[in-house]
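Listed below, chain by chain, are the residues.
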Amino acid sequence: MIGDPRGRMPRRRAAVGFGLLGVALLGGCAAEPTPQPAATRPDAPSASASVPAEIVGTRIRFSSDRTTIDVTIGEDSPAVRDLLSLLPAELSFEDLNSREKIASLPRELAWQGSPGSDPEDGDLIYYSPWGNLGFYYDASGIEYSDDTLHIGTYDATEEQLALLVGGPVTVEIID
C-alpha cells in the first residue's frame with residue numbers, strides 16, 4: 001500500500017524518506033571541497049604582510065645606504081595590493097636602456113584585473129611579462145600597454161635613482 005485513501009503516506013515510509021533526504025543533503029555538503037586558508041596557497045600574500053586599508057595615497061620607501069626615494073601609491077589594483085603584501089622586501093636595481101631603473105621581485109605579482117597604463121617620467125610601474133618594478137625617468141616614446149601597470153609616482157632626479165643601483169635596496173610601507 002502506497003498511502004491511505006486520503007492520499008497520505010504511512011508514517012514509517014515518510015520517516016525513511018525524510019531520513020534519506022537528510023543524508024543526501026548532508027552528503028552533498030560534505031562533498032564540497034574545503035576551502036584552503038589563504039596563507040597556505042602558494043599564490044597568496046604572506047600571512048605576516050600588512051596591506052593598509054586605504055591603498056591610494058599609501059607611501060612606500062625605497063632606501064639604500066646612499067639614497068631614499070618615496071613612492072605614493074596611485075592605484076588600488078590587484079597588482080598594487082599584492083606588491084604591498086610582499087613588503088618589507090630587499091631588491092637590487094639596475095639600469096634598463098637609459099630609461100628606467102628596474103628590479104626583479106621575489107615572485108610574480110597577482111596582477112590579473114589590473115589596468116594597463118601609459119607611463120610617464122616619475123612613474124613606478126610593474127611590467128607583468130618580466131615581473132619587475134621600474135622607475136621611469138625617460139618615458140618618451142613609451143605608449144599605453146596592458147602589460148605596464150601603474151603602481152605610483154615618485155619625485156626624484158635621475159641622479160638619485162642612479163644611487164639605487166649597486167647595492168641592496170630595502171622597500172617598506174611607511175604610511
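The numbering scheme is per chain: residues are counted from 1 as the chain's sequence reads. Since the coordinates come from a predicted model, pLDDT governs what is reported: local features require at least 70, and pairs of side-chain atoms require 80 or more to be given and counted, while whole-chain, interface and lining totals use all residues. Only hydrogens and water are set aside when side-chain values are computed; all heavy atoms of the structure are taken into account.

Visitor: With reference to specific residues and values, describe the environment of Glu 75.
Guide: Helix and strand assignments follow DSSP, with helices taken as H or I runs no shorter than four residues and strands as E runs no shorter than two, numbered in order from the N terminus. The residue Glu 75 is located in the loop between strand S2 (68-73) and helix H2 (78-86) in this model. Separated by 18 residues in sequence, Glu 75 and Gly 57 place their C-alpha atoms 8.5 Å apart. Excluding residues within four positions of it along the chain, Glu 75 makes contact with Ile 55, Val 56, Val 80, Pro 115, His 150 and Ile 151. Any two residues whose heavy atoms approach within 4.5 Å are treated as being in contact.

Visitor: Give a detailed account of the environment of Val 169, specifying residues and quantitative values.
Guide: Among the structural elements, Val 169 can be located in strand S8 (residues 168-173). When the C-alpha positions of Val 169 and Thr 67 are compared, they lie 9.2 Å apart, and in sequence the two are 102 residues distant.

Visitor: Account for the pairing of strand S3 (residues 89-96), naming residues and giving values.
Guide: Every regular strand shows the same layout, with side chains that alternate between the two sheet faces. In this analysis, strands are considered paired if DSSP registers two or more bridges between them. By the bridge criterion, 4 bridges tie S3 to S8 in an arrangement that is antiparallel. When the bridges of S8 are listed, Ala 89 appears paired with Val 171. In this structure, S3 lies alongside strand S4 (residues 100-104), joined through 4 bridges in antiparallel fashion. The residue of S4 that forms the bridge with Glu 94 is Ile 102. The hairpin formed by S3 and S4 contains 3 residues between the paired strands, and Asn 97 there has a positive phi angle of roughly 55 degrees.

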